[in-house]
Amino acid sequence: MSQHRNITRVDDDLKGTHAWIVTVQRQGNKVIRPFSDGTYGGKKEALAAAIAHRDSLLASHSPFEHQIWVRSRLRRNNTSGVPGVGRYEVFINRKAKHRTAIWLAMWDDEQGRRRTRKFSVSLYGERQAKELAIAERERQLHRVCALKGADSANPAPPAPSANADWLARSQVTVWHPCTQMRHHAQTGSPEHLPLLPIARGQGAWLVDFDDRRYLDGISSWWTNLFGHANPRINAALRAQLKSLEHVMLAGCTHQPVIELSERLAALTGGALGHAFYASDGASAIEIALKMSFHYWRNAGHPEKAEFLCLAGAYHGETVGALAVTDVAIFRDAYAPLTYAATHVLPSPDARLAEAGETPADAARRAAGALEQHLQEHGERTAALIVEPLVQGAAGMVMHDPEYLRLARALCDRHEVHLICDEIAVGCGRTGTFFAHEQAGIRPDLLCLSKGISGGYLPLSVVLCRDAIFDAFLDDSTARAFLHSHSYTGNPLACRAALATLDIFADDDVLTANRLRAQQIAAALQPLAAHPQVRHPRQRGMIAAFDVATDDPHFSRRFYRAALDNEALLRPIGNTVYWMPPYVVDAGEIAHLGAATARALEIALA
Ligand SMILES: Cc1ncc(COP(=O)(O)O)c(C=O)c1O
């Protein structure tokens, strides 16, 4: 028989705005698992939560007796209130304004000995301390649910975890990219973005500290090509470490950077003969824009100083790259800082094809707008920058190669550089090694990053035509390209890239990917039949569809549901996409399909 008590004690001496619920589980006289859960904004909120908590325990028919107490959180080392041994509590110990210490106190269940772990004492503010306590509460909540035992109506969440410590520590000190950090802490909110503590990676899988695994369906932000912990890339890096980890590339050179530059130039058929290196994608964009701008100055055309990009374009988030990025959420806050002389032109987005039109027709229409702009402003234009075939951050927006063919011809006619940003779509993603190859063209400047190092190390490179390089040769230093980053051409990163190119050559990856792309298409098919799925689309190893829903929280719901189904998938708005590492096998592609279907059902329920 289950026995429950109501809230047995409320500390009335609470003056502060914080409270805890303490729950104790008893079986007979034995306290089997006392634990604490929760920090709440105030006593009223804590009481309401306690009542809800009690009701859910009652509904769960737990075999244990529970006591639920509400008590002060902000107490100096106050351990009272929990009878018996096995206490497990978090104390937030405010010593002074802006100085908060956090303690984790445990009592050994068997011997009643206290083991206190001070896992964080610092000058953290109270808010950070609270976030840490909230993360700890999550751990405790998992603990009680696990103790309730599995029943089919209320399956138990995962057992207490090693993840929790890492999560708590991360939330206190790491500022994660592209994230409203509050969303990491807001469990229970539709905005909640769970933070994943990853312990290791193997092949297409990521594994957390509790040994839960997730298929990396988006290649860790589109970087990974041949799986995590790839033995061949690992071996190449180990070998490189024995000779040279880093040397500056200004005034020095080294074997990996020379070999990589030669091989990349060869991959462009010799069209792009010089390679300029940096670390991240956005830095490559900065370089390409500056190179084009400076080229025209050196060539006696300083008036050619404007840039063109496409609607929905994403080229990175440094201030220069933001100038050619047309994604409001990234750009708007910094718009006053960005270079004003850019123009956003219509995207050749195949979804914009009207009734009776083909994707190539939509591409021709967008090229018409480019033509009109260049006719009027070509003499002022330095370059057009495009993400060939797939505009990734816009939501895997795909277009017909026809646009690239026409854009190339128009740029030639109006003496405008064509910059291809293949940071996301290069290195075999779209089916050819470079996406632009599918249009039978070459750009004047080509930006690569992400997959070029196999997803191992930050490396980006701008390949350019020799004519551009030549325009910087002069006796004057001011006419040189005076751009540099400390880690430019890092030997380890270049070595990882060489190992990546070796795998392409040795394993005939592009051919193997054709089969994988067919398997991906087959996995996409049943999803395409879903009544709320729109515009299923695929280009090589990228597949996507849009979901017709008004739910502003769809992407978060889907993300969480996918994690629960062992898949790491981050929809962009209402666009769900797959961009898996090239090592996924048929079973893993099927897993991706099944996890996506389940996540879709849950997110739309
Ligand atoms: C097309 C494109 N360009 C540039 C970037 C920026 O690269 P990074 O994030 O390495 O700065 C990205 C990143 O997603 C991208 O997709």
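Residues numbered from 1 in each chain as written. Predicted model: local features only at pLDDT ≥ 70, side-chain atom pairs only at ≥ 80, totals over all residues.

We now examine helix α17 (residues 586–604). Residues lying three or four places apart along an α-helix face the same way, a consequence of the helix completing one turn every 3.6 residues. Compared with an ideal rise of 1.5 Å per residue, which puts 19 residues at 27 Å, α17 spans 27 Å between its outermost C-alpha atoms and is within 8% of the ideal. Among the residues of α17, those classed as buried are Glu588, Ile589, His591, Leu592, Gly593, Ala595, Thr596, Ala599, Leu600 and Ala603. Looking at the buried positions of α17, the neighbouring elements they touch are β11 (213–216), α15 (509–528), α16 (554–564), β23 (567–568) and β24 (575–578). (Helix = DSSP H or I, 4+ residues; strand = E, 2+ residues; numbered from the N terminus. Expected span 1.5 Å × (residues − 1). Buried ≥ 20, exposed ≤ 12 C-beta atoms within 10 Å, placed from the backbone. Contact = placed C-beta atoms within 7 Å.)

Among the structural elements, Gln202 can be located in strand β9 (residues 198–202). C-alpha separation for the pair Gln202 and Asn230, spaced 28 residues apart in sequence, amounts to 7.7 Å. In this structure Gln202 touches Val207, His228 and Ala229, once residues within four positions along its chain are discounted.

Next up on the list: the environment of Pro336. Inspection of the secondary structure puts Pro336 in the loop between α10 (328–331) and β14 (342–345). On the neighbour-count criterion, Pro336 (7 C-beta atoms within 10 Å) is exposed. In sequence terms Pro336 and Ala323 are 13 residues apart; their C-alpha atoms lie 9.9 Å from each other.

Within the fold, Asp361 resides in helix α11 (residues 359–377). For the pair Asp361 and Pro348, spaced 13 residues apart in sequence, the C-alpha to C-alpha distance is 9.0 Å.

Predicted coordinates in areas of low pLDDT are best not read in detail. Mean pLDDT over the chain stands at 84; residues scoring 70 or higher make up 73%. Counting contacts from residues 72–125, a segment whose pLDDT is below 50, to residues more than four positions away or on other chains yields 94 contacts. Confidence drops under pLDDT 50 across residues 140–159; counting only partners more than four residues distant or on other chains, this segment forms 32 contacts. (pLDDT = per-residue confidence, 0-100.)

The side chains of a regular strand alternate between the sheet's two faces. Pairing of strand β21 (residues 533–539) with strand β22 (residues 542–547), which is carried by 5 bridges, proceeds in the antiparallel orientation. Bridged to Arg537 within β22 is Ala544. Linkage of β21 to β22, two consecutive antiparallel strands, is achieved through a turn of 2 residues, within which Gly540 is found at a positive phi near 60 degrees. (Pairing = 2+ DSSP bridges.)

Relative orientation of the contacting elements α11 and helix α12 (residues 402–413) amounts to 20 degrees, with a least axis distance of 8 Å. For the element pair α11 / α12, the angle class is roughly parallel. Handedness of the α11/α12 crossing: right-handed. Contact residues: Ala360, Ala363, Arg364, Ala366, Ala367, Leu370, Glu371 and Leu374 in α11; Glu402, Tyr403, Leu406, Ala407 and Leu410 in α12. Residue classes in the contact of α11 with α12 are distributed as 10 nonpolar, no polar and 3 charged. (Axes fitted to C-alpha atoms, helices over the stretch in contact; angles between N-to-C directions. Parallel < 35°, antiparallel > 145°, perpendicular 65-115°, else oblique. Left-handed = near helix turned anticlockwise from the far one by under 90°. Nonpolar A, V, L, I, M, F, W, Y, C, P; charged D, E, K, R; others polar.)

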